Amino acid sequence: MTKTERLFFHFLRNGLWGDGSAPGVPVDAGDWEAVFRLSCRQAVSGIVADGIAATAVRPAPGLWEEWVFHLLHIEMVNEGMERRGDSLVGFLASEGIRSSVFKGVSVARWYPRPLHRSYGDIDIVVHEGWNKLERLLQVNGVPYYYEDGDIVVERLDRLPLASCTVPGDKSAGTFGGQYRVEFHPVYEALYSPFMNARLQRMASGTSVWWRDNVGEDHAPSETAEFYLACLILHVRRHVLSYGIGMKQVCDVAVMLRRAGVDLARLEAMLRHLGAWRFGRALFGFIDAYLAVGTPQSGPSRADKTTALLYHVFMHDGYVLKSQRESMGVGTRHAPVRVARNGWFWVKRGVRLFGLMPGEAFFFVLNKVASRLKDLLKAACCRPFHRAGRLDGRVLING
């Protein structure tokens, strides 16, 4: 671990848990600049800033001023996103579509300062009325596209929904209201069809396992354990594909500490969904670097497994996907691009097989099959152009 990474984790822990301890090593101007860049790349700059503010040390005035303005920007956007998410759920309810906000602003409530969690998309899970949602967007001429089974709207301010207009919300004028909304038909989906069927039964309240092992006092989707299990499955899916950064790891950490989670029930759920091996490794990583103090059940595999997760979180992070997409754009011939992508997925599946054997197997199967399908389509069909496209995806109503 480099000095920059040690300082990064020190201030990140400070920001998460309110510890005001000094870093214990001198920090020069170059160190501060490097920590700022790393915290931005890992999408936790607001939490790290809180950690610095809890100590007596500070960056140079110019950099600290930039950091504070960056934090104010995060606060303003988060306020706008929270209001728009709630008003959008209300509008959909008036149209007969039952939905809720998931991840993002909904998990931020477990942070010491919720508005300092870096923003992303507004994630809406549609529980009832998925077909009505698509018709609603089409009738109103709202541009959207499909991505991995989800419906994506790039600009919330283009939704002609009166209830999404929040009186007095200055962030809309400041940032143009450019909030990306992802509508999900389910909380989370797994590559393994067997485990995915278990998860969807659990989410719909029809799981016999839940009734026999937990009871019927609460629906699974109403419990903190189900919510956290879905977050862990989401992290695992991104670890398996392109990697993920520390923001989502912090989401898991704060829920473990502050959401009143029944750890025995959570472990039972993850075992039932075939995700306990990854969950235990993730908890071990949190123990080692975020000092949550979560007890790790079973024999420790911290050295090898934690090192693997460290590389995925800190080096793949949020940049591997953009790197792969850039490589794809630079490859003109479809067969070459498909072969390279297929080989990449095979290598990644083998690398992570020990953490998630069943999911890695079906992941590789899914990715290779989808790339072969794309290759056959490219070979057999003439290029088909729609009126609008966005990053290669068909933009409906564009």
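Whatever comes next refers back to the structure up there.
Quick caveat, the model's predicted, so the values are computed rather than measured.

S.K.: Before we move on, could you go through the overall build of the chain and cite the residues and values that matter?
M.R.: When you go through the chain residue by residue, the secondary structure sums to 16 helices and seven strands. Taking the intrachain contacts of the chain between residues at least 6 apart in sequence as the baseline, contacts between residues at least 24 apart amount to 75%. On the chain, roughly 19,000 Å² of surface is accessible, and the fraction owed to carbon and sulfur atoms is 54%.

S.K.: Any chance you could break down the packing of helix α1 (residues 3-17) against helix α10 (residues 246-258) for me, citing the residues and the numbers?
M.R.: Across the interface, α1 lies against α10 with an axial gap of 11 Å and an inter-helix angle of 40°. On the basis of their axis angle, the class for α1 and α10 is oblique. α1 and α10 meet at a crossing whose hand is right-handed. Of the residues in α10, those touching α1 at Phe8, Phe9, Leu12, Leu16 and Trp17 are Met246, Cys250, Ala253, Val254, Arg257 and Arg258.

S.K.: Requested: an account of the environment of Thr55, with residues and values cited.
M.R.: Structurally, Thr55 can be placed in the loop between α3 (45-53) and α4 (61-94). Sequence separation between Thr55 and Pro23 is 32 residues, and the spatial gap between their C-alpha atoms is 8.7 Å. Setting aside its immediate chain neighbours within four residues, Thr55 contacts Phe11, Asn14, Gly20 and Ser21. One polar contact links the side chain of Thr55 to the main-chain amide nitrogen of Val57, over a distance of 3.3 Å.

S.K.: So what's going on with the nonpolar core? Residues and values would help.
M.R.: Counting residues in each nonpolar core, the largest one holds 82 residues, and the members touching the most others are Phe9, Leu12, Val239, Met246, Val252, Leu290 and Phe313. Considering every element that reaches this core, the biggest residue donor is helix α9 (residues 224-240), with 11 residues. Of all hydrophobic cores here, the second largest spans 22 residues; its members include Val89, Ile122, Ile124 and Ile151.

S.K.: So what's going on with the packing of α1 against helix α2 (residues 29-41)? Residues and values would help.
M.R.: Two elements in contact, α1 and α2, have axes whose closest approach is 9 Å; the angle formed by their N-to-C orientations is 65°. α2 is crossed by α1, and the crossing has right-handed handedness. Mapping the contact onto sequence places Lys3, Thr4, Glu5, Leu7, Phe8 and Phe11 in α1 and Asp31, Trp32, Ala34, Val35, Leu38 and Ser39 in α2. In the contact of α1 with α2, the residues fall into seven nonpolar, two polar and three charged.

S.K.: Before we move on, can you summarise the packing of aromatic side chains with the specific residues and values?
M.R.: Counted under the stated rule, the structure contains 22 aromatic pairs. Ring centres of Phe194 and Phe362 lie 5.9 Å apart, and the angle between their planes is 70°; this geometry places the pair in the edge-to-face category. Of this pair, Phe194 sits in helix α7 (residues 193-204) while Phe362 sits in helix α16 (residues 357-380), placing them 168 residues apart in sequence. In this structure Phe194 comes out as exposed when scored by relative accessible area, which is 58%. Measuring from ring centre to ring centre gives 5.3 Å for Trp345 and Phe363, while their planes differ by 90°; the resulting arrangement is edge-to-face. In this pair, Trp345 is assigned in helix α15 (residues 334-351) and Phe363 in helix α16, connecting sequence segments 18 residues apart. In this structure Trp345 comes out as buried when scored by relative accessible area, which is 0%.

S.K.: So what's going on with unusual backbone geometry? Which residues, and what values?
M.R.: Within the chain, Ala43 stands out as a residue other than glycine whose phi angle is a positive 60°. Looking at the secondary structure, you find Ala43 in the loop between α2 and α3. Even without glycine at this site, Asp148 takes up a positive phi of about 55°. In this fold, Asp148 is placed in the loop between β3 (145-147) and β4 (150-153). Residue class for Asp148 comes out exposed when judged on its relative accessible area of 76%.

S.K.: Now, about helix α11 (residues 263-272): what can you tell me, with residues and values included?
M.R.: When α11 is considered as a whole, its buried residues turn out to be Leu266, Glu267, Met269, Leu270 and His272. N-capping of α11 is provided by Asp262, with a side-chain oxygen placed 3.1 Å from the backbone N of Ala264. With its phi angle positive at about 70°, Gly274 sits one or two positions after the end of α11.

Conventions and cut-offs
Residues numbered from 1 in each chain as written. Predicted model: local features only at pLDDT ≥ 70, side-chain atom pairs only at ≥ 80, totals over all residues. Heavy atoms only, no water. Helix = DSSP H or I, 4+ residues; strand = E, 2+ residues; numbered from the N terminus. Contact = heavy atoms within 4.5 Å. Areas by Shrake-Rupley, 256 points an atom, 1.4 Å probe, with all protein chains shown as cover. Axes fitted to C-alpha atoms, helices over the stretch in contact; angles between N-to-C directions. Parallel < 35°, antiparallel > 145°, perpendicular 65-115°, else oblique. Left-handed = near helix turned anticlockwise from the far one by under 90°. Polar contact = N/O pair within 3.5 Å; in protein donor to acceptor, adjacent residues only side chain to side chain. Core = buried A, V, L, I, M, F, W, Y, C linked by side-chain atoms within 4.5 Å. Buried < 20%, exposed > 50% of the residue type's maximum accessible area, 1.4 Å probe, protein only. Nonpolar A, V, L, I, M, F, W, Y, C, P; charged D, E, K, R; others polar. Phe/Tyr/Trp six-rings, centres within 6.5 Å; stacked < 30°, edge-to-face > 60°.

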